[in-house]
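Structural features, examined
Below are the chains, spelled out letter by letter.
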Amino acid sequence: MLLQIKDLFKWVNSGGNRVFLLNDIDLTVSKGDFISIMGPSGSGKTTLLNVIGMLDDFNEGEYTFLDKSVHTLKEKHRANLYKEYIGFVFQSYHLIDELTVYENIETPLLYKKHSRSERKALVADMLDRFNMVGKKDLLPSQLSGGQQQLVGIARALVANPKLILADEPTGNLNSKQGTEIMEVFKTLNEEGVTIIQVTHSEKNAAYGSRIINLLDGRIIYN
Amino acid sequence: MIRNYFKIAFRLFKKEKRTTLTNIMGMALGITCSILIYLWVQDELQYNDFVKNGDSVCYVMTNHPITGGDIKTWATTPQPLKAVLEEKYPVVDKVALLSWEPPTNFKIENGFLQQNGNYASPEIFDIFQFPFVRGGHEELYNKTKTIVVSERFASYYFGENWNAKNIIGEFITTDNEDSYEVVGVFKNLPVHSTLQFDFIIPFAEKLNKNPWLNHWGNFQNQMYVQLVDGISVEEANNRIKNAIIDNRPDEATTEELFLQPFSETYLYSNFEGGKVAGGRIEYVRILSVAAILILLLASINFMNLSTARAAKRSKETGVRKTLGALKANLRVQFLIESVLITGFGFIMAMGIVSVLLPEFNALTGKDIGLAFFTPKFIMMLVAFIVLLGLASGIYPAFYLSALKPTRSLTGGGVHNKNEAFFRKALMVFQFIITMVMIIGATSVYKQVSYIQNKNIGFDRENLVEVSMGDINPTGNYQAYRKELLEKPGILGVTPINQNILDIGNSTSDPEWDEKDFNEITSFTIMCTDPDFLSTTGIRLKEGRNFNRAMAIDTANFIINTAAQKVMQMKDPIGKRLGFWDREGKIIGVIENVHINSLHVPIEPFIIRYDLPMTSKLLVRVEANKTTQAIASLKALHDKFNPGKTFNYNFISDMYKGQYKSELLIKDMVFYFTIIAILISCLGLLSLVTYTTNQRAKEISIRKVLGASITTILRLLSKEFLVLIILSMVIAVPIAYYFIWGWLQNFAYRITLSWVLFVISGAVTIAIAIFIIGMQVLKAANANPIKSLKTE
């Protein structure tokens, strides 16, 4: 078991009313899962993903990640956790505009204090794997959307995470590019990486092994 | 990792050239100002710092109580005090007397060499330990007809290669035909010394020529003492305070002594009520504060701009956080950026400083060279730059690193209310500083021009003072006068005994009927002739002028209104007045005339018809004919004083000289205020640019809905104008407080009117409106589709 969420609530107060963003969520994720979170706009998909990624807090409930209870951790330990085990992929790629492809992929390794030669080797592996050796000195603005997302995935993968969280990874891409990206995810999953993705598309969801449907912050069980 | 930070910083700078340049320029201006001020302040503080014995070397001042409980402090002492201090006061180790002397002319092969020097006790060299390169000062003790000269003097007198000659034992002759044997050559005195001389003749020689100096009542000399080791100035002060009172044999007196450490004499030269009351140190302080404020302005600019740009940086912060960056990592990154900006600002500032230094030296009359840039100074500067960078970067760094990744990744969460408030508060603070400086500069300017244009009671333009030389005021002066008045360009001439702008001669001896002898009133005295009033242009209020034909008039007096007041005479004409050797009547009253600086009130003043005492001539020349007039004066001087040098001074130049500090401070405050305005405007400019960018979408929507450009202009300007007006409201009382305090240094000063404040405020607002208007117009004129499409 990789992570477990139990009786989790998240809300905001709006004009005296409590509006639930996440409402009584129970979720267990095992190693090697490929989960797709689906649901209409505003149903809480991204919020759930952020909570899982420890980017966002929650108000009530328990969250255990690799047998550590996240809700009792301090910022530093939490950062250590996701530094170690989690990689993020975003809809709008979120590459650092001022850094080259190579440097973008290298950044997580900087924060993990890898030595220079280690970094070089790991980044080279990634560039090889995604056929981007020739593009390593380009800036994000010089790449197509699909290529940027590939860099995003490479960056998420370079630190060898246990879990990849992807928030609509194909949302900004055309269908051909989208398919490519999903194929990449599929391969990764077959290699043993756990993936949780948020998606609107049934077709993309089908790549996963499990689908979770959200509506108004609640999981709908079929 | 650090390399990565640098890399991203440089790429960012390249990408946002305008913002970066604004930031660097602001910093550079601020740093330039503070370096210049620092150099000036250091130079000022260096004065009199060269003395090895530090505080044990003191200047002896005398306090003279006068009517009304006030005390006047003189920088002079009577000659017999030296022996008394040496013999009866064991806290005093050595005492040196130094005369006040005008420049002396020495005969050289074909003309004269004019040099500054004094008669002094040889102890002066023991106390200050000025080193000798040839001979020494020992012979000064033994023979009175001796002289020691500086290296500079030696090279002028004996030629560049004086070193190769044996000049010890040579004789030097003055234009008075006095010959002195050279017994030593000393190293030129340090530049940063208030004590400056190029030759010293034993004080005993002065006494031989002027035996009257031996009298206790003549406060004529400067006196330096060295205290015994281990005695504090305070303790010594207590011991010797009554040295005159206890030891003057001929009459009871009230003058107390006090010691001022030599190291303080330059910066603390004003005295009130017998105590030190500031001096140049005030300007050192004012400018130091100005330097800090200007740096603060630059630093605030940076903070404002960095937090305003947070929206742009927040995505990067969020991404980095999801990639595992800790807050600490991000803070280091942002701090490195701000240190880099400051560093570039510093490099630019160094460039500006090296270009401006000659101008700055000309302005301040200093000689600050690149010698100042010692490795130690550079190290200090670098440390300071890093500190400044950290100080400016700390807020943005903490602010940016604290942004939550979920919010910053969606681009939201940066329109924080507190943060907007903080930014506005910083801007208000900036404008308060700027406005205080503007009001300050305007007031200083007004006071200084008030001084320059003030009617001081006589026309100081086209008035020349010349030395009398060998002309005998009771002998051939009449012939000289007759001949001079026939020359073109000469309107009038009168003999006087001292500089009309700085009458040091004062006495409490005058006696009149009904004088209250318990009160001591001090009068300044001018000895002159009947031409004094017509030459100076001083008007008689009542009574009559001296009459050359009436021999008795030499015992009569003309007084000023202030004297009439202290003597409490309703109808002074014909009243008895007597002092020194003369007993006579008051024959005239003149208006109050500013004979001393405007820093002090007008003093009671008595004019005597006393030719034997006179030693200088005051000449009224015709405007536009001054060159011709000076030539006539010179020709006549050469005729009456063969072989003597001709010296002249325009009274108007001397008048300016009296307010040297004020004129300097006027210029410095003016330039630094301009820089402060520039920095604040840069800040305002970038903030307005940022705000209009932020609100581009709002502006577009309003335009689509039919808003006119003027409505938009008003909408966007309002927010800034309110802040600027708020700054003004806060700045006015602060400025008023400081300016009022400064003006207290002047007995005659401008009144602070509201007009001055309104004008200063209006100027600021006009500049602000211009800047805001330019930016807002640009935004308002932009095509709305452009900014609506980006969302």
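It should be noted that the structure appears before, not after, this text.
Notes on the structure follow. (Residues numbered from 1 in each chain as written. Chains lettered and ligands numbered in written order. Predicted model: local features only at pLDDT ≥ 70, side-chain atom pairs only at ≥ 80, totals over all residues. Heavy atoms only, no water.)

For the rest of this paragraph, the subject is the packing of helix α2 (residues 17–46) of chain B against helix α10 (residues 280–308) of chain B. Residues and elements named next belong to chain B. Put simply, α2 and α10 touch, their axes get as near as 9 Å, and they point 165° apart. The angle between α2 and α10 places the two elements in the roughly antiparallel class. Two packed elements cross with a definite hand, and for α2 against α10 that hand is left-handed. (Axes fitted to C-alpha atoms, helices over the stretch in contact; angles between N-to-C directions. Helix = DSSP H or I, 4+ residues; strand = E, 2+ residues; numbered from the N terminus. Parallel < 35°, antiparallel > 145°, perpendicular 65-115°, else oblique. Left-handed = near helix turned anticlockwise from the far one by under 90°.)

Between chain A and chain B, the contact holds 26 residues from the first and 27 residues from the second. Overall, the association of chain A and chain B removes approximately 2,500 Å² of surface from exposure, summing both partners, and the carbon and sulfur fraction of that is 58%. Sorting the residues of chain A by area buried against chain B places H94, E98 and Y111 of chain A first, and these three jointly supply 29% of that buried surface. Along the contact surface separating chain A from chain B lie four salt bridges. The salt bridge partner of E103 of chain A is K7 of chain B, with a shortest N-O separation of 3.1 Å. (Contact = heavy atoms within 4.5 Å. Buried area = accessible area lost by both parts, 1.4 Å probe. Salt bridge = Lys/Arg side-chain N within 4 Å of Asp/Glu carboxyl O.)

Residue and element names in this part refer to chain A. A surface patch of like charges, here negative, comprises D7, D24, D26, E60 and E62. Summarising the element assignment, D7 is placed in strand β1 (residues 3–14). On the basis of relative accessible area, D7 is assigned to the partly exposed category, the value being 41%. (Patch = residues over 30% accessible without salt bridge, like charges linked within 9 Å, V, L, I, M, F, W, Y side chains within 5 Å. Areas by Shrake-Rupley, 256 points an atom, 1.4 Å probe, with all protein chains shown as cover. Lys, Arg positive; Asp, Glu negative; His and termini not counted. Charge placed at Lys NZ, Arg CZ, Asp CG, Glu CD. Buried < 20%, exposed > 50% of the residue type's maximum accessible area, 1.4 Å probe, protein only.)

Right, let's talk about the sheet that holds strand β28 (residues 648–650) of chain B for a bit. Residue and element names in this part refer to chain B. An order of β18-β27-β17-β28 is seen for the four strands of this open sheet, with the pairing classed as antiparallel. The open sheet has two edge strands with one neighbour each: β18 (490–496) and β28. Neighbour to neighbour, the strand axes of the sheet diverge by 25° on average, direction disregarded. One ladder, built from five bridges, connects strand β17 (residues 463–467) with strand β27 (residues 616–621); its direction is antiparallel. Looking across to β27, one finds that S467 is bridged to K616. Its contacts with the sheet place helix α19 (residues 626–640) against β17, β18, β27 and β28, and it is angled at close to 15° to β17. On the sheet, helix α20 (residues 651–658) packs against β17, β27 and β28 and is oriented at approximately 65° with respect to β28. (Pairing = 2+ DSSP bridges.)

Now for the nonpolar core. Core analysis: the largest hydrophobic core is formed by 97 residues, its most contacted members being W40, F458 and F672 of chain B. Every residue in contact with F672 of chain B, bar those within four places of it in the chain, is listed here: C33, I37, L287, I294, F360 and M437 of chain B. (Core = buried A, V, L, I, M, F, W, Y, C linked by side-chain atoms within 4.5 Å.)

Once that is clear, we can look at the environment of V284 of chain B. In this fold, V284 of chain B is placed in helix α10. For V284 of chain B, the residues in contact, after removing those within four places along its chain, are W40, V41, E44, L45 and L267 of chain B.

Moving on, we come to the environment of D24 of chain A. All names here are of chain A. In this structure, D24 sits in strand β2 (residues 17–29). Considered as a pair, D24 and K186 are 162 residues apart in the sequence and their alpha carbons are 30 Å apart. Those residues within four positions of D24 in sequence are excluded, and the remaining contacts are D7, L8 and F9.

Glancing now at the pairing of β2 of chain A. Residues and elements named next belong to chain A. The pairing of β1 with β2 spans nine bridges and is classified as antiparallel. Residue pairing in the sheet places K10 in a bridge with L22 of β2. In this antiparallel pair of consecutive strands, β1 and β2, the connection spans two residues, and G15 shows a positive phi of 55°.

This part is about a nonpolar patch on the surface. All names here are of chain B. Taken together, the side chains of I725, L726, V729, I730, I734, Y737 and F738 present a nonpolar region at the surface, about 670 Å² in accessible area. Of note, Y737 is situated in helix α23 (residues 709–743). A residue is classified by how much of its surface remains accessible, and Y737, at 59% relative accessible area, is exposed.

All right, on to helix α16 (residues 477–486) of chain B then. Residues and elements named next belong to chain B. When we look at burial in α16, the residues that qualify are Y477, Y480, R481 and L484. An end-on view of α16 places all buried positions within 100° of arc, on one side of the element. Facing away from the buried surface of α16 by more than 90 degrees, the exposed residues are K482 and E486. Tucked into the core, α16 has its buried residues touching β18, α17 (531–536), β27 and α19. (Arc of directions from axis to C-beta.)

Attention shifts here to the pattern of salt bridges. All names here are of chain B. Counted by the stated rule, this structure contains 43 salt bridges over all chains. For the salt bridge of K366 with D43, the shortest nitrogen-to-oxygen distance reads 2.8 Å. One end of the pair, K366, is in the loop between α12 (327–364) and α13 (375–401); the other, D43, is in helix α2, with 323 residues separating them in the sequence. Here the two residues K366 and D43 agree in accessibility, since each one is buried. Across the pair K145 and D178 runs a salt bridge whose closest N-O atoms are separated by 3.6 Å. A residue pair is termed long-range when its members are at least 10 positions apart, and K145 in the loop between α5 (138–142) and β9 (146–150) and D178 in the loop between β10 (171–173) and β11 (179–186) qualify at 33 residues. Through salt bridges that share partners, D43, E44, R280 and K366 make up one connected network.

Turning to the packing of helix α3 (residues 101–111) of chain A against helix α5 (residues 145–157) of chain A, a few remarks are in order. All names here are of chain A. Two numbers describe how α3 lies on α5: the axes approach to 7 Å, and their chain directions differ by 30°. Judged by the inter-axis angle, α3 sits roughly parallel to α5. Along this stretch, α3 crosses α5, giving a crossing that reads as right-handed. Taken together, the residues of α5 that come into contact with α3 (itself represented by V101, N104, I105 and P108) are V151, A154 and R155. Each residue belonging to the contact of α3 with α5 can be placed in one class, and the counts come to five nonpolar, one polar and one charged. (Nonpolar A, V, L, I, M, F, W, Y, C, P; charged D, E, K, R; others polar.)

Another point: the packing of aromatic side chains. On inspection of all chains with the given rule, the structure shows 46 aromatic pairs over all chains. Here the aromatic rings of W512 of chain B and F523 of chain B are separated by 5.8 Å at their centres, their planes lie at 80°, and the arrangement is edge-to-face. Of this pair, W512 of chain B sits in strand β20 (residues 511–512) while F523 of chain B sits in strand β21 (residues 523–528), and the two are 11 residues apart along the sequence. Grouping residues by exposure puts W512 of chain B and F523 of chain B together as buried. Ring centres 5.1 Å apart and planes at 65° place the aromatic pair W742 of chain B and F746 of chain B in the edge-to-face group. For the pair formed by W742 of chain B and F746 of chain B, the shared burial category is buried. Members of the aromatic cluster, joined through ring pairs, are F50, Y59, F125, F128, F130, F132, F186, F197, Y224 and F262 of chain B. Cation over ring: R18 of chain A sits above W11 of chain A, and NZ or CZ is 3.9 Å from the ring centre. Sitting over the face of the ring of Y655 of chain B, R460 of chain B holds its NZ or CZ atom 3.8 Å from the ring centroid. (Phe/Tyr/Trp six-rings, centres within 6.5 Å; stacked < 30°, edge-to-face > 60°. Lys NZ or Arg CZ within 6 Å of the ring centre and 35° of its normal.)

Moving on to the sheet that holds β2 of chain A. All names here are of chain A. The strand order across the open sheet formed by four strands is β2-β1-β4-β5, and the pairing between neighbours is antiparallel. Strand pairing shows two members of the sheet lacking a second neighbour, β2 and β5 (68–69), which therefore form its edges. As paired strands, β1 and strand β4 (residues 60–65) are joined by five bridges and run antiparallel to one another. Looking at the pairing, K6 lines up with E62 of β4. Taken strand by strand, helix α1 (residues 45–52) contacts β1, β2 and β4, and its axis lies near 60° from that of β2.

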